[in-house]
Amino acid sequence: MPIPRVIPQNCPNGLEYLSTLNQLLVIQKVEAIEALLGFETNNKFTIKNSAGQKVFYAVEDTDCCTRNCCGPSRPFEMKILDNYRNEVIHLSRPLACQSCCFPCCLQRIEVFSPPGCLVGTVEQDWSILTPIFTIRNAANEEVLKIKGPICHFSMCGGDVEFKVLSKDKKNLVGRISKQWSGLLREMFTDADHFGISFPMDLDVRMKAVMLGACFLIDLMFFEM
């Protein structure tokens, strides 16, 4: 994807690509060793715009023991790189529990852009049936809510949608959708496809935080 001609003021370096987008496609790379042996490797993703142009490339950075012992609950660091291999976004997920039995130790992911500069967080809210998350800005102010479905399984090739709502939960702002990627891919790998939609005029920092939310949702609900 080419760099936009008009760049918003005070835009973090690398996030200018998001200023002209209202949709992202997140495609996980299939790793042969995972499909054949079940050995968990660092996840890798290509992030594209709706025209199929590559916007970012994401790679997980965790050690072998953490990946294979902690599984989907593992803490991780993730680097999101631009087309010139510069790290423009950094994600950090600490070790925590996602069970409703432990409301004092729920999931959280921090989003930095540029690396070292916090732009927002995604925090899991305590709930029994429906997954709910809060998106906060760097000042820890509540900006958006994410509400997921009770059932996280794709039925008959359908998508699994997590709705992005205004903080009062009255208005639909966007979606994070786990998209059906084909029977064989769904059955034998954990390489997923996601679609993220948001308003064009949403702050680029919040768009980056929604991208972080997508990776957190992937690990929590769709990682084998």
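None of these values were measured; they are calculated from a predicted model.

**Notes on the environment of Asp61**
Point 1. Looking at the element boundaries, Asp61 is found in the loop between strand E3 (54–60) and helix H2 (64–70).
Point 2. The exposure class of Asp61 is partly exposed, given its relative accessible area of 43%.
Point 3. Put simply, Asp61 and Thr41 are 20 residues apart on the chain and 9.7 Å apart in space, counted from C-alpha to C-alpha.
Point 4. Those residues in contact with Asp61, other than ones at most four positions away along the chain, are Asn42, Glu77 and Lys79.

**A short note on the pairing of strand E6 (residues 108–112)**
Point 1. Across 3 bridges, the pairing between strand E5 (residues 87–93) and E6 is antiparallel. Looking at the pairing, His90 lines up with Phe112 of E6.
Point 2. Pairing of E6 with strand E7 (residues 118–125), which is carried by 5 bridges, proceeds in the antiparallel orientation. Looking at the pairing, Arg108 lines up with Glu123 of E7.
Point 3. Counting the residues in the hairpin turn of E6 and E7 gives 5 residues, including Gly116, whose phi is positive at 100°.

Scoring rules and cut-offs
Residues numbered from 1 in each chain as written. Predicted model: local features only at pLDDT ≥ 70, side-chain atom pairs only at ≥ 80, totals over all residues. Heavy atoms only, no water. Helix = DSSP H or I, 4+ residues; strand = E, 2+ residues; numbered from the N terminus. Buried < 20%, exposed > 50% of the residue type's maximum accessible area, 1.4 Å probe, protein only. Contact = heavy atoms within 4.5 Å. Pairing = 2+ DSSP bridges.

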